[in-house]
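Listed below, chain by chain, are the residues.
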Amino acid sequence: MVKKWGRTIIGLNLILLSTAHLSRGATEASAEEVPASRADGAMEAGSWLTYQTKHEENLDAYGKNFTSICVFAYDFDDKDDIRPAKPWVDETLSHLMGQRALGRPVYVTIVNDIETNPPQQHNGELVLRIVSDPVKRARHIRQIVALTSKADGIDIDYESLLAGTRGYFSQFIKELRAALPPGKLLSVVCQPKTNDDDGPRGQAIDWRAIAPHVDALRMMTYYFSYGGSRPGPSAPLDKVRVMAHLAASEVPKEKLHMVLTQFGWDWPADGPGRFIQYAKAIQIVQSRGVRPFHDPDSQTMRINYIDENGTAHEVWFPDQAALQAQIRVIQEEGIRKIDVWELGVGDPHFWTWFTNSAKGPA
């Protein structure tokens, strides 16, 4: 769902704890200042454990009320075979399956990354090559079916899809559903779109066509701004509103999940933007003595700073206030299933509010 981090931020939880007081003053929104209404109590929550950061301990801290958990991820080798991205992925799946709560299924996420050197993230050509060829598609489905012994369900996260993939992808999902063992769940992650035109990326997945064959459609509400775009909010509220309305009109709400991100972007004046974690943004606030402020339209947190080389930077990142604003917009459409990428990363005040506001597994 995001590019791999080359190195995990060391001591993330310590950083979050040490910046909690600062972030409260900076964002002017804390768990106490923005109480979770009981109207939001119907919210169903979920997230992903990832091979980049793992942080399985955060499932105990924040996941008590989750109604699903995904382990990210299996990816591909250079022969188009799926494989666990890290050695501990299967161990984590086994542990979670042995300890899972009733009503909180465990999914294994498959992502279209190829573990070459250097790795290839979100390879749309790979997906089109497989799903457009009946023989390769059937082989891929057999590999996925074999993977179902490790989890309650499969979570398909194929991104940066190419134009021309749409019909083949719908056929792939239909055939995969038919091949899955009884009782196994199927989830699909979709990049954002605000209309149903055919095309690349988010446009390459036909929500209405695949909805009858899946148990969950997880709609990413972000990437409206990104590294190659002008600085701005990754999830502007007007785009989130249009997207939620479109999703609610095309997908049964019992299957519909909206996905929020806790990652932001740091744009230097002389180059493309880079992913930034909340903890890193707060470190910049502390070390540079800059004051964060909320963009009035998106509620996204912003800072401007000068780095050690004299380069100006513009940073946009979500905090609790921004994420709660997105949830309110989504809930206006009657959508109650909210997933957040990724588990434990981001504003700790938000995670406390999010887990306490969720209704918990059945």
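Remember, predicted model here, so these are calculated numbers, not experimental data. (Residues numbered from 1 in each chain as written. Predicted model: local features only at pLDDT ≥ 70, side-chain atom pairs only at ≥ 80, totals over all residues. Heavy atoms only, no water.)

**Q** Whenever I open this one, the packing of aromatic side chains confuses me. Can you help?
**A** Ring pairs (aromatic) are described by centroid distance and by the angle formed between their planes. Considering all chains together, one arrives at 17 aromatic pairs under this definition. Ring centres 4.9 Å apart and planes at 75 degrees place the aromatic pair F72 and W341 in the edge-to-face group. Remark: W341 occurs in strand β14 (residues 337-341) and F72 occurs in strand β2 (residues 66-76); sequence separation between them is 269 residues. Among the residues examined, F72 registers a relative accessible area of 1% and is labelled buried. We classify W341 as buried; its relative accessible area is 0%. Seen from their ring centres, F350 and W351 are 6.0 Å apart, and the 65 degrees between their planes marks the pair as edge-to-face. This pair shows no difference in class: F350 is buried, exactly as W351 is. An aromatic cluster of three or more residues is present, and its members are Y62, F66, F350, W351, W353 and F354. When the ring centre of W207 is taken as reference, the NZ or CZ atom of K193 above it lies at 4.6 Å. The aromatic ring of Y107 is capped on one face by R218, whose charged end is 4.8 Å from the ring centroid. (Phe/Tyr/Trp six-rings, centres within 6.5 Å; stacked < 30°, edge-to-face > 60°. Helix = DSSP H or I, 4+ residues; strand = E, 2+ residues; numbered from the N terminus. Buried < 20%, exposed > 50% of the residue type's maximum accessible area, 1.4 Å probe, protein only. Lys NZ or Arg CZ within 6 Å of the ring centre and 35° of its normal.)

**Q** It is not clear to me how the pairing of strand β7 (residues 216-220) should be interpreted in this structure. Could you clarify?
**A** Note on strand geometry: in a regular strand, side chains alternate between the two faces of the sheet. For β7, the buried fraction is high: five of the five residues fall into the buried class. Residue alternation in β7 divides its side chains into two sets, A216, R218 and M220 and L217 and M219, and both sets are buried. The sheet contact formed by strand β6 (residues 185-190) and β7 spans four bridges and is parallel. Within β7, the residue paired with S187 across the bridge is A216. Taken together, the four bridges between β7 and strand β8 (residues 256-261) define a ladder with parallel strand orientation. Looking at β8, one finds that L217 is bridged to L256. As for the winding sense of the linkage, the β-α-β connection from β7 through helix α8 (residues 237-250) to β8 is right-handed. (Pairing = 2+ DSSP bridges. Right-handed = clockwise from strand over helix to strand, strands pointing away.)

**Q** I tried to follow α8 on my own but got confused; where do I start?
**A** Helical geometry: 3.6 residues make up each α-helical turn, so side chains three or four residues apart lie on a common side. Between its first and last C-alpha atoms α8 spans 20 Å; for 14 residues at 1.5 Å apiece the expected length is 20 Å, and the two agree. Restricting attention to buried positions, one finds in α8 the residues L237, V240, M243, A244, L246, A247, A248 and E250. Buried residues belonging to α8 abut α7 (207-210), β7, β8 and α10 (320-331). (Expected span 1.5 Å × (residues − 1). Contact = heavy atoms within 4.5 Å.)

**Q** Any chance you could explain the pattern of salt bridges here in plain terms?
**A** Working definition: two side chains of opposite charge can pair if their charged atoms are close together. As enumerated under the stated definition, the model contains 19 salt bridges in all. Of the charged contacts, one joins D215 and R177 as a salt bridge, the two residues approaching to 2.8 Å between their closest N and O atoms. Within this pair, whereas D215 is found in the loop between α7 and β7, its partner R177 is found in helix α6 (residues 166-179), the two being separated by 38 residues in sequence. The exposure class assigned to R177 is partly exposed, which follows from its relative accessible area of 23%. Among the charged side chains, a network of salt bridges with common partners joins R166, K193, D196 and D206. (Salt bridge = Lys/Arg side-chain N within 4 Å of Asp/Glu carboxyl O.)

**Q** Please explain the sheet that holds strand β12 (residues 301-306) as it appears in this structure.
**A** Each strand in a sheet pairs with another by means of backbone hydrogen bonds, the pair being arranged parallel or else antiparallel. If you trace the five strands from one edge of the open sheet to the other, you get β10-β9-β13-β12-β11, paired in antiparallel fashion. Either end of the sheet is taken by a strand with one partner, and the two such strands are β10 (274-276) and β11 (293-294). In terms of strand pairing, β11 meets β12 through two bridges, oriented antiparallel. Across the sheet, residue H294 finds its bridge partner in β12, namely M301. Lying on the sheet, helix α9 (residues 278-288) is in contact with β9 (264-268), β10, β12 and β13 (312-317); it crosses β12 at an angle near 50 degrees. (Axes fitted to C-alpha atoms, helices over the stretch in contact; angles between N-to-C directions.)

**Q** Before we go on, may I ask you to explain the packing of helix α5 (residues 134-147) against α6 in this structure?
**A** Helix packing geometry: the angle between the two helix axes and the distance between the axes. Here α5 crosses α6 at 45 degrees, and the two axes come no closer than 10 Å. In terms of their interaxial angle, α5 and α6 are classed as oblique. Between α5 and α6 the crossing geometry is right-handed. For the pair α5 and α6, contact is made by R137, H140, I141, I144 and V145 and by Q171, F172, E175, L176 and A179, respectively. Partitioned by chemical class, the residues of the contact of α5 with α6 number six nonpolar, two polar and two charged. (Parallel < 35°, antiparallel > 145°, perpendicular 65-115°, else oblique. Left-handed = near helix turned anticlockwise from the far one by under 90°. Nonpolar A, V, L, I, M, F, W, Y, C, P; charged D, E, K, R; others polar.)

**Q** I'm lost on the side chain of Q191 in this one. Help?
**A** Its location among the elements puts Q191 in the loop between β6 and α7. Judged by relative accessible area, Q191 falls into the buried class, the value being 5%. A distance of 2.7 Å separates a polar atom in the side chain of Q191 from the backbone nitrogen of S160. In this structure, Q191 is in contact with E159, S160, L161, R201, G202, W207, M220 and Y223, ignoring residues within four places of it in sequence. (Polar contact = N/O pair within 3.5 Å; in protein donor to acceptor, adjacent residues only side chain to side chain.)

Shape descriptors only; they carry no functional weight alone.
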